[in-house]
Amino acid sequence: MKKTILLLAIVAVVSMLFISCGAGTPAKPKIGVTIYKFDDTFMSYVRNTIEASAAAVGADKVELSVQDSQFDQPKQNDQVDQFLTQNVTSLAINLVDPSAVSVIIEKAKAKSIPVVFFNREPAAADMAAYDKAYYVGAKAQESGTMQGQIAAEYWAAHPEADLNKDGKMQYVMLMGDPSNSDAAFRTEFSIKAVEAAGIQVVKLAEDTAMWDRVKGQEKMAAFLAANKGKIEMVFANNDDMGLGAIEALKAEGYFANGKFMPVVSVDATPPALDAMEQGTLLGTVLNDATNQGKATFELAYAAGSGAKEVVTSVAPLANADGAADAAGKYVWVPYVKVTAENYKE
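Residues numbered from 1 in each chain as written. Predicted model: local features only at pLDDT ≥ 70, side-chain atom pairs only at ≥ 80, totals over all residues. Heavy atoms only, no water.

What follows covers the sheet that holds strand S9 (residues 263–264). In a beta sheet, neighbouring strands are held together by backbone hydrogen bonds and run either parallel or antiparallel to one another. Taking strand neighbours across the sheet as the criterion, the 4 strands line up as S7-S6-S8-S9 in an open arrangement whose pairing is parallel. The strands lining the two open edges of the sheet, one partner per strand, are strand S7 (200–208) and S9. Where strand S8 (residues 233–236) lies against S9, 2 bridges are found, and the strand directions are parallel. In the sheet register, Phe 235 faces S9, and the bridge partner there is Val 264. (Pairing = 2+ DSSP bridges. Helix = DSSP H or I, 4+ residues; strand = E, 2+ residues; numbered from the N terminus.)

With that out of the way, let us pick up the confidence of the model for the chain. For the chain, mean pLDDT is 93; residues scoring 70 or higher make up 92% of the total. Segment residues 1–24 is flagged for pLDDT under 50; beyond a separation of four residues in sequence, or across chains, it makes 34 contacts in the model. (pLDDT = per-residue confidence, 0-100. Contact = heavy atoms within 4.5 Å.)

Moving on: the nonpolar core. Among the nonpolar cores identified, the biggest contains 60 residues, and Val 33, Phe 118, Val 136, Met 220, Ile 231, Val 234 and Leu 299 are the most heavily contacted of them. A per-element tally of this core places helix H11 (residues 289–305) first, with 8 residues. Of all hydrophobic cores here, the second largest spans 22 residues; its members include Tyr 171, Met 233, Val 264 and Val 266. (Core = buried A, V, L, I, M, F, W, Y, C linked by side-chain atoms within 4.5 Å. Buried < 20%, exposed > 50% of the residue type's maximum accessible area, 1.4 Å probe, protein only.)

Once that is clear, we can look at the pattern of salt bridges. Taken as a whole, this structure holds 11 salt bridges when the rule is applied. The salt bridge partner of Glu 153 is Lys 337, with a shortest N-O separation of 3.4 Å. In this pair, Glu 153 sits in helix H6 (residues 140–157) while Lys 337 sits in strand S12 (residues 336–338), placing the two residues 184 residues apart along the sequence. Relative accessible area serves as the criterion here: at 45%, Glu 153 is assigned to the partly exposed category. Taking the shortest distance from any N to any O, the salt bridge between Lys 203 and Glu 206 comes out at 3.6 Å. Of the residues examined, Glu 206 reaches a relative accessible area of 35% and is grouped as partly exposed. By sharing partners, the salt bridges in this structure join Arg 213, Glu 247 and Lys 250 into a single network. (Salt bridge = Lys/Arg side-chain N within 4 Å of Asp/Glu carboxyl O.)

For the rest of this paragraph, the subject is the packing of helix H8 (residues 213–226) against helix H9 (residues 239–251). Between H8 and H9, whose axes approach to 7 Å, the crossing angle comes to 45°. Here H8 is positioned oblique relative to H9, judged by the angle of their axes. Two packed elements cross with a definite hand, and for H8 against H9 that hand is right-handed. Of the residues in H9, those in contact with Arg 213, Gly 216, Gln 217, Met 220, Ala 221 and Leu 224 of H8 are Asp 240, Met 241, Leu 243, Gly 244, Ala 245, Glu 247, Ala 248 and Leu 249. In the contact of H8 with H9, the residues fall into 8 nonpolar, 3 polar and 3 charged. (Axes fitted to C-alpha atoms, helices over the stretch in contact; angles between N-to-C directions. Parallel < 35°, antiparallel > 145°, perpendicular 65-115°, else oblique. Left-handed = near helix turned anticlockwise from the far one by under 90°. Nonpolar A, V, L, I, M, F, W, Y, C, P; charged D, E, K, R; others polar.)

Attention now goes to empty space enclosed by the protein. Take a probe with the size of a water molecule and roll it over the atoms, and the empty space left behind shows itself. Tallied over the entire structure, the rule returns 1 cavity of 30 Å³ or more. Of the pockets and cavities examined, the largest cavity occupies roughly 120 Å³. In terms of lining, the largest cavity is formed by 13 residues, of which the most central are Asp 40, Phe 42, Asn 119, Arg 186 and Trp 211. When contributions to the lining of the largest cavity are tallied by element, the ones reaching two or more residues are helix H2 (41–57) and helix H7 (181–196). Tallied by class, residues from the lining of the largest cavity come to 4 nonpolar, 4 polar and 5 charged. (1 Å grid on protein atoms, 1.4 Å probe; cavity = no way out; pocket = protein on both sides within 12 Å on 5 of 7 lines; lining within 4 Å. Points joined across faces, edges and corners; volume = space filled by probe spheres on them.)

Along the chain, Arg 120 turns up in the loop between strand S4 (115–118) and helix H5 (124–128). Apart from residues lying up to four places away in sequence, Arg 120 is in contact with Tyr 36, Phe 71, Asn 94, Leu 95, Val 96, Pro 98, Tyr 135, Asp 177, Asn 180 and Trp 211.

Below, the discussion takes up the sheet that holds strand S2 (residues 63–68). Taken together, 6 strands build an open sheet; the order of strands is S2-S1-S3-S4-S5-S11 and the sheet is parallel. Lying at the two open borders of the sheet, with one neighbouring strand each, are S2 and strand S11 (330–332). Across the sheet, the axes of successive neighbouring strands diverge by a mean angle of 15°, strand direction being ignored. Alignment of strand S3 (residues 90–93) against S4, held across 3 bridges, turns out to be parallel. Its bridge partner lying in S4, Ile 93 is registered against Phe 117. Across the sheet, helix H4 (residues 101–110) lies against S3 and S4, angled at about 160° from S4, the strand it touches most. Where H11 meets the sheet, its contacts fall on strand S1 (30–35), S3, S4, strand S5 (133–137) and S11, and the angle it forms with S5 comes to roughly 165°.

Take the environment of Ala 295 next. Tracing the backbone through its elements, the reader meets Ala 295 in helix H11. C-alpha separation for the pair Ala 295 and Val 331, spaced 36 residues apart in sequence, amounts to 7.5 Å.

The structure is reproduced here in structure tokens:
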């Protein structure tokens, strides 16, 4: 039912775009999409929605090409060059390295091609450098705050979680890509939320696992070896790393015979929801892949169609700070806290 509603909404928006397009617009928009790497679990769901959105519109009304940048920024730059040579009418870019965005903006700007960045936010100064640059994503600070709230609520309800009875939460942190602002914000704001709840914290270890499940397992195994019996809470910047941590914890006897370790992550991917069902993941935060993919396609389609108004049905255009603005260049998709009470919804 949800998928049907999504597709109907996309078709409705596209129909309005056809009406609003003026003379001289392309007969069939041609959209070039690059994903920083296809084997990122969350991004695979975003990509699937973009492709499903194009399919709902129909191959006779839009041409879509989606490329895997394989976590290689020079490769992504080359893919953008190829798209521009192929005369795409808009670009949708999930950046490998957000700090390298100026190169892509310069390429798009030179040919006056609209570009929609998504999920990996460019710096505001780079966005301001091109009037046809847009961004679709979510406020990473919000996801970190929700993670911290889940951890704080568990801590308050479970005094046994304080293993050494010192009144302080001893935690470890699995971080994503250091070049991605989402990793920094989730790391910072999750702990700020715990402290805001009146809980003192002690960081036992922190390391990057690059959003990767296997690396998350390896880092967690190292944390456990170096901090035997001391870790009281595990934070992970995304579900894949959190699920990797859970595998390392299982290897040490956790989640059996009453031995539990609270793990909190972000994305609410189907594998993470399965882990919640099994009782191994304490909580996560919905990073709405469906609506991010939907908004990305709708903006790229509208911009590539030459529509007078570049809009999306997901949320109103806004400024970088989140304030609604019809002339804004951002679409902010809200996060949702996911706990044992609502993960089945």
